[in-house]
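Structure assessment
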Protein chains: 2
Amino acid sequence: MTPDIAAARAALGHLDIDDNPVSVRAKSRDFFWYSPVLKARLDHLTADFVVAPRSEAEVIETLRVCHAHNVPVTVRGAGTGNYGQAMPLAGGCVLHLKHLDRVTAVHPGRVICQPGALLRDVDAACNAHGQELRMFSSTWATATIGGFIAGGSGGIGSCTWGQLRDLGNILRLRVVTMEETPRVLEFRGEELSRVSHAYGTNGVITEVEMPLAPAYDWVGLFVAVDDFDAAARLALDLANEDGILIKLASVFEAPTAQDYFQRVRPHIRDGEHLVALMIAPHAMDAFGVFLSRRPGARLIYRSDAHDWDRDPGPVFEYGWNHTTLRALKVDPAITYLQVLYPGDPYPKMAKMRALFGAEVLQHLEVIRAGGTCGFASLSLVKFTTEERLEEIVRLHEAHGCFVFNPHRYTLEEGGRQHRDEGQLSFKREADPKGLLNPGKMIGWDDPDFDYATIWHYPGMKAAE
Amino acid sequence: MTPDIAAARAALGHLDIDDNPVSVRAKSRDFFWYSPVLKARLDHLTADFVVAPRSEAEVIETLRVCHAHNVPVTVRGAGTGNYGQAMPLAGGCVLHLKHLDRVTAVHPGRVICQPGALLRDVDAACNAHGQELRMFSSTWATATIGGFIAGGSGGIGSCTWGQLRDLGNILRLRVVTMEETPRVLEFRGEELSRVSHAYGTNGVITEVEMPLAPAYDWVGLFVAVDDFDAAARLALDLANEDGILIKLASVFEAPTAQDYFQRVRPHIRDGEHLVALMIAPHAMDAFGVFLSRRPGARLIYRSDAHDWDRDPGPVFEYGWNHTTLRALKVDPAITYLQVLYPGDPYPKMAKMRALFGAEVLQHLEVIRAGGTCGFASLSLVKFTTEERLEEIVRLHEAHGCFVFNPHRYTLEEGGRQHRDEGQLSFKREADPKGLLNPGKMIGWDDPDFDYATIWHYPGMKAAE
Ligand SMILES: Cc1cc2nc3c(=O)[nH]c(=O)nc-3n(C[C@H](O)[C@H](O)[C@H](O)COP(=O)(O)OP(=O)(O)OC[C@H]3O[C@@H](n4cnc5c(N)ncnc54)[C@H](O)[C@@H]3O)c2cc1C
Ligand SMILES: Cc1cc2nc3c(=O)[nH]c(=O)nc-3n(C[C@H](O)[C@H](O)[C@H](O)COP(=O)(O)OP(=O)(O)OC[C@H]3O[C@@H](n4cnc5c(N)ncnc54)[C@H](O)[C@@H]3O)c2cc1C
């Protein structure tokens, strides 16, 4: 099953196609380099050409032609994914969805749009109707809604609404298959989990319908807290105030803000931990009462009334994976881990802080799961070697913490380390030749893989 | 301090005043008669006259005049309260707020209105802006917003937003005091708890500002479930689905629906328990998935697509205290208790069901408290004697259940049986003569009361 790149490229010549090696390489890369582990393995990769379809019909045409010529196809939204999700491991075609950016309709409680629309632009269209997305990635300004659904998990808004995978947080997806004659399918309800968070391995999403929440002029806040547990409790307790509507509650262990948040640094004291919040404007009085009951906490910034010389920008661009980005910009040795603390999180966090000190800094995001608010940590890690990173993972696990490893490029290894039968069986139907984003679903290539070490996709293009 | 009724009445003669004994008596009564205990004690009560002010200035004038003549004043919204809250124990003046019914302004996330506006009319004004009240009493069609704030606790919407007393669920109250020269005060934040749920004992609310939620065409549903625990779990688990937006989840133990819900009866089998839900229309697909995972549950009604001969009306008019109302209409011996099941509710509910059988039927409402969903039960009780009712309360308490006694007319006895210092100290300021809704705050009249038996207000008018 050898790909015939030249034939496919020729057959698609009438579309918006790019085969300039420099720009093709740029469009073949995402934020995989956050991980030194992935950087060492994926840096050389590039596709052969990029097609940017202008309609669903052109998506279908591209998939039909690539199928005929055995050419791998990796879908690309904006390429802001972290795990090499959008890296074309076997080369071939990158299907760039930048032209499919239309917001089709906004109804009470839901929006219908094309996958290549930026989260920011979807929100702008919804704002005109007093609405906004329930949740968004902190890459709101640059990422697409299709990429968020196919590659993301949750983000700003997850403290209230849970994550994308929760029932009700995606309403409908329209999906094109990669077959001799591609089919167009509509998924709702139970079926949505087949293609959401599947990295585009089993279909190309061409239309999405998402639930909305009311839009508010969210007030962004920074609160400095003298004690780490008190900072964490402030964030979690606030999320548990049923009458106070929030969209974000993030906690940054000292000296994260002091070292990496340049515009916050002048306003925070040594040793103080930082909490970032987004609160509905009409809840600010109630928040004032809440805060007045916490003597160790100082409000240092509110976006609707502040005297900071240099505006810090949206507070959500300090949270989620933007924390890592800000740290990386100052210290290129920084990477991160995604950690859950099952049960009572406070003793587990104390243990990790005692164990690792400055090598691992806590960065907590409050998320709701199964009706209950808790912490997801995107801990900042000072990287030294792959061996030490593995050891840090093992030490977390040994203390009952659950690690989602962001230093893996497959669906299974980044998640719960077992394959998703629904996604796999749909891939068998929708992509019988295994050409969609090859190498990202271990269950397809190596059903007996034991997860003892990082998986190597045998079909990966070699470095030149 | 003898009231001079005639002098006050004469001084207020230019206002909308009523002293026809028949209509005054009607305007002096609320839904106290739900309780046979209160029925035996309060049935004879009536005010001397009713004033219906047309402006805040007329509220001030009425309070000033009544203060000067030592005339008690009991505020009245719509008189749908259950605990004799609006019954003028010492006679005097009923201050009827029916004319103060204006909705002044609707902003994103909040509404400003007068206290005498019906909940239904506030919602109608907000609906024009795509918004609605976060929560409302099941007496939405007839009750006022001021009465809800001064006398209510929560209701439809509390499964998402908690209760009125939670921080952020009331934004601002404007309050007139009962002094020689009444003052007009504005309360926000911490101060709100002084006058909310104070039965109008320490000030008259003349303007309210309430937070809003987005308005949806909520789908009302009835689900029949073969097992009681499964019915309760269905309601609670649904409330814990973070991506499925609901406004109501009520559970009715069999044979509540069979015996008391006439339009539901033809559609439910013997022994089946009933769950009533309100779900956002865009969450119906996700609810379908949720329901398909529960084999013992049958969807028997959805308001947006049904073939019932006789429309059951809004499902929320089956929940909260409307359950008791429907049961009472069929069986006048029915009354109720308000019960909380701390900790794991299921064994406690099983114990109560085993202990009381048909004498006490579980009626659960899902409410959110401190970020966590749980049950409040408004159990239906077949009343025999006051002694047996007390015993039923004691047996609940003996098994670790917490009872809010609805068979009491004071603030303290219906609640946590201790006085609210904030409300009491504000009464000292705002109502120095103790003329506002006298007899409802034990802390004012008898600070040493021990709660061993029902309290008797010594100033209560005797039956003729
Ligand atoms: C600084 C930073 C912060 C971040 N914060 C968050 C965060 O808060 N929450 C979060 O969830 N993620 C976060 N991410 C990851 C990422 O930005 C988001 O998931 C983002 O929404 C991805 O969108 P994209 O358009 O860039 O997708 P891409 O990176 O282009 O694609 C992501 C994956 O989806 C597939 N895909 C894209 N479009 C389609 C389609 N139409 N059909 C099928 N498959 C498709 C791609 O093949 C790829 O596998 C962050 C990343 C960075 C670098
Ligand atoms: C069938 C039924 C169902 C019910 N369901 C619910 C429910 O779901 N949730 C709930 O919380 N309650 C419920 N109730 C109780 C009651 O209906 C509500 O609390 C309702 O909102 C009260 O409004 P109202 O206008 O009738 O107040 P009223 O009964 O007139 O007054 C209630 C109390 O507030 C005081 N008051 C009224 N207006 C003012 C003001 N402007 N300033 C100061 N004090 C004032 C009165 O003096 C009185 O003490 C129910 C009652 C019935 C009969």
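Residues numbered from 1 in each chain as written. Chains lettered and ligands numbered in written order. Predicted model: local features only at pLDDT ≥ 70, side-chain atom pairs only at ≥ 80, totals over all residues. Heavy atoms only, no water.

Per an unreviewed UniProt entry, chain A goes by the name FAD-linked oxidase and belongs to Rhodobaculum claviforme.

Residues and elements named next belong to chain B. Looking at the secondary structure, you find Leu 42 in helix H3 (residues 36–42). Classification of Leu 42 by relative accessible area gives buried; the value is 0%. Placed 46 residues apart in sequence, Leu 42 and Pro 88 show a C-alpha to C-alpha distance of 9.3 Å. The residues touching Leu 42, leaving out its near neighbours within four places in the chain, are Phe 32, Gly 84, Met 87, Leu 89, Tyr 409 and Met 460. (Helix = DSSP H or I, 4+ residues; strand = E, 2+ residues; numbered from the N terminus. Buried < 20%, exposed > 50% of the residue type's maximum accessible area, 1.4 Å probe, protein only. Contact = heavy atoms within 4.5 Å.)

Residue and element names in this part refer to chain B. Every one of the 37 residues lining ligand 2 counts as a neighbour, but Val 75, Gly 77, Thr 80, Thr 144 and Gly 154 are closest to it. A distance of 3.5 Å is found between a nitrogen atom of ligand 2 and a side-chain nitrogen or oxygen belonging to Ser 137. Ile 205 has a polar backbone atom sitting 2.9 Å from a nitrogen atom of ligand 2. Contact with the protein chains removes 97% of the 970 Å² of surface that ligand 2 exposes when unbound. Of all the elements in the fold, those that place two or more residues in the shell around ligand 2 are strand S3 (73–76), helix H6 (145–151), strand S10 (204–214) and helix H12 (321–330). With five residues, the top contributor of residues to the shell around ligand 2 is H6. When grouped by side-chain class, the residues that make up the shell around ligand 2 number 15 nonpolar, 21 polar and one charged. (Near = heavy atom within 4 Å. Polar contact = N/O pair within 3.5 Å; in protein donor to acceptor, adjacent residues only side chain to side chain. Areas by Shrake-Rupley, 256 points an atom, 1.4 Å probe, with all protein chains shown as cover. Nonpolar A, V, L, I, M, F, W, Y, C, P; charged D, E, K, R; others polar.)

Looking now at helix H5 (residues 119–127) of chain B. Residue and element names in this part refer to chain B. If you check which residues of H5 are buried, you get Leu 119, Val 122, Asp 123 and Cys 126. Burial along H5 is one-sided: seen end-on, the buried residues are contained in an arc of 100 degrees. Summarising the contacts, the buried residues of H5 are in contact with strand S5 (103–107), strand S6 (110–113), strand S7 (131–133), H6 and S10. (Arc of directions from axis to C-beta.)

Let us now look at the pairing of strand S4 (residues 93–96) of chain A. All names here are of chain A. Neither face of S4 is left uncovered, since the one carrying Cys 93 and Leu 95 and the one carrying Val 94 and His 96 both have all their residues buried. Where strand S2 (residues 49–51) and S4 come together, three bridges link them in parallel fashion. Bridge assignment links Phe 49 to a residue of S4, and that residue is Cys 93. Pairing of strand S3 (residues 73–76) with S4 involves four bridges; the strand directions are parallel. (Pairing = 2+ DSSP bridges.)

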